[in-house]
Amino acid sequence: MTRRRIDPHNPNDQLIRRECSAGSSKFQPIGHFNEQSDDKNLRISVISYNILAQKYIKGSFPYCHSAWLGYEHRNKKWKSEIAKFNGDVLCFQEFDKEELRGPILGEQGYEGRYFQRNGKREGCSIFWKKSKFTEGEDLGVNLNDLVDKFKGNGLDYERDNVGMAIVLNPINNKLPSICIANIHAHWNPLYPEDNHPLILCGDFNSLPSSAVYQYLSQGFVDGNHPHLVKSAYTNYTKDEHLESYFASMKLKEDTPLNEEKEGKSTESKEEIQKHEHMLNLKSAYSNYLGKGREPDFTNYTANFIGTLDYIFYGGKNDKYEWKCISNLEIPSEEWIKKRVALPNEYCPSDHIPLMARLCLSKTMYKE
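This structure is a prediction, so every number in the text was calculated from the model and none was measured.

Caption draft 1: Looking closely at the packing of aromatic side chains. Inspection of the entire model under this criterion finds 14 aromatic pairs. Ring centres of Phe92 and Phe95 lie 5.4 Å apart, and the angle between their planes is 25°; on these two criteria the pair is classed as stacked. For the pair Phe95 and Tyr114, a centre-to-centre distance of 5.9 Å together with 50° between the ring planes defines the contact as tilted. Remark: Tyr114 occurs in strand S5 (residues 110–116) and Phe95 occurs in strand S4 (residues 89–96); sequence separation between them is 19 residues. Given a relative accessible area of 0%, Phe95 falls into the buried group. Through a chain of ring-to-ring contacts, the aromatic side chains of Trp78, Phe92, Phe95, Tyr114 and Phe127 assemble into a single cluster. For the cation-ring pair, Lys97 lies above Tyr71, with the distance from its terminal atom to the ring centre recorded as 5.0 Å. Positioned above the aromatic ring of Trp78, the side-chain terminus of Arg101 is 4.8 Å from the ring centre.

Caption draft 2: A look at the pairing of strand S19 (residues 320–328). For S19, a buried count of 7 out of 9 residues is recorded, marking the element as mostly surrounded by other parts of the structure. Here S19 runs beside strand S20 (residues 354–362); their pairing, made up of 7 bridges, is antiparallel. Note on S20: the bridge partner recorded for Asn327 is Ala356.

Caption draft 3: The nonpolar core, seen in detail. Counting 58 residues, the largest nonpolar core has Val89, Phe92 and Ile199 as the members making the most contacts within it. For this core, the element with the highest residue contribution is S20, accounting for 6 residues. Look past the residues within four positions of Phe92 in its chain and what remains in contact with it is Tyr49, Ile51, Trp78, Ile82, Leu105, Gly123, Cys124, Ser125, Phe127 and Asn182. If you look at the next biggest cluster of nonpolar residues, it comprises 18 residues, including Ala211, Val221, Leu281 and Phe312.

Caption draft 4: Structural detail: the state of the cysteines. Counted by the stated rule, this structure contains 0 disulfides. Residue Cys201 stays outside any disulfide, its sulfur separated by 3.8 Å from that of Cys91, the closest cysteine.

Caption draft 5: Up close: unusual backbone geometry. Of the consecutive residues Leu342 and Pro343, the connecting peptide bond is found in the cis state with omega at -5°. One can find Pro343 in the loop between helix H5 (333–338) and S20. We note that Leu52 has phi near 65°; this positive angle belongs to a residue other than glycine. Its place among the elements puts Leu52 in the loop between strand S3 (43–50) and helix H1 (66–69). Using a relative accessible area of 3% as the deciding quantity, one classes Leu52 as buried. For Asn280, which is not glycine, the phi torsion reads 50° and is therefore positive. When you line up the elements, Asn280 lands in the loop between strand S14 (274–276) and strand S15 (282–283).

Procedures and definitions
Residues numbered from 1 in each chain as written. Predicted model: local features only at pLDDT ≥ 70, side-chain atom pairs only at ≥ 80, totals over all residues. Heavy atoms only, no water. Phe/Tyr/Trp six-rings, centres within 6.5 Å; stacked < 30°, edge-to-face > 60°. Helix = DSSP H or I, 4+ residues; strand = E, 2+ residues; numbered from the N terminus. Buried < 20%, exposed > 50% of the residue type's maximum accessible area, 1.4 Å probe, protein only. Lys NZ or Arg CZ within 6 Å of the ring centre and 35° of its normal. Pairing = 2+ DSSP bridges. Core = buried A, V, L, I, M, F, W, Y, C linked by side-chain atoms within 4.5 Å. Contact = heavy atoms within 4.5 Å. Disulfide = S-S within 2.5 Å.

Just geometry here; none of it tells us what the structure is for.
Here it is in structure tokens:
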């Protein structure tokens, strides 16, 4: 069978996700999209993918044959997936063996940046098609450097997590500059504070019921959310999923942590912190398959099944607005169960890659 590259800008294009009966995955259209009024050059396809660093495999997946967990096999599958997905921008978490993976992506026409986690041989990376973008300003954030502002409230925030962001300048001038942000675990939206349209990808280790998801998708979360109170952390260990762990949030200036203001304790009802942002973020998978919610899972192992990965889009630019045209189907649970869980022979990671096709359009803007 002759293989071909998928055109991510064709909503009817079928994507044979893997060389098996995983089913053929396809892009799911979201609402009505007027092909006539939107220029294809205003579209961008984005992938977010926790590829599972090799260092975390030993002893973690006893149900998976050892031959399928080796780097050579997994790298072959990963390379094949990326080539078939053909995304414009790639955001990876647990990106390891950068010296090997970087050149592979270079051969496929990508350029990128990598930001390593503290004391670990893996981190986050962002790659983009050299034919479509040039690199602008970039930023790497070690979240351990931010913990001083939260010390004193009895919680431990040091988790060696990182985030990164980069401004991409389209070679085709029909697009404004775009800020791409990528994180693993949790994010402090200290960047961007400018007016670039924003795409935020990552493995947030947070379920849709979490304070993290509410904060990002709704723009705010109250400090009395059950995941933000101290008791939510009592059973936390470093290796557990961070479903209830949400530390790095932007606070309103009038609600400092662990301080008193005007003689009132911040623990009083009147002084509950409210965490908020003005980035107008939406999740590309928030209405997956028309069900009005996120998919049931993006991470599927013998010990945990749930949605932890997201692609958010938005920003504070009044001249442009994002539309999500379609997103990539997720393999069925039935197919995964036949192979116990992820990873397996066909899937190189315990996470499922997400991909969204977005369109940036001009709004009725007044100076």
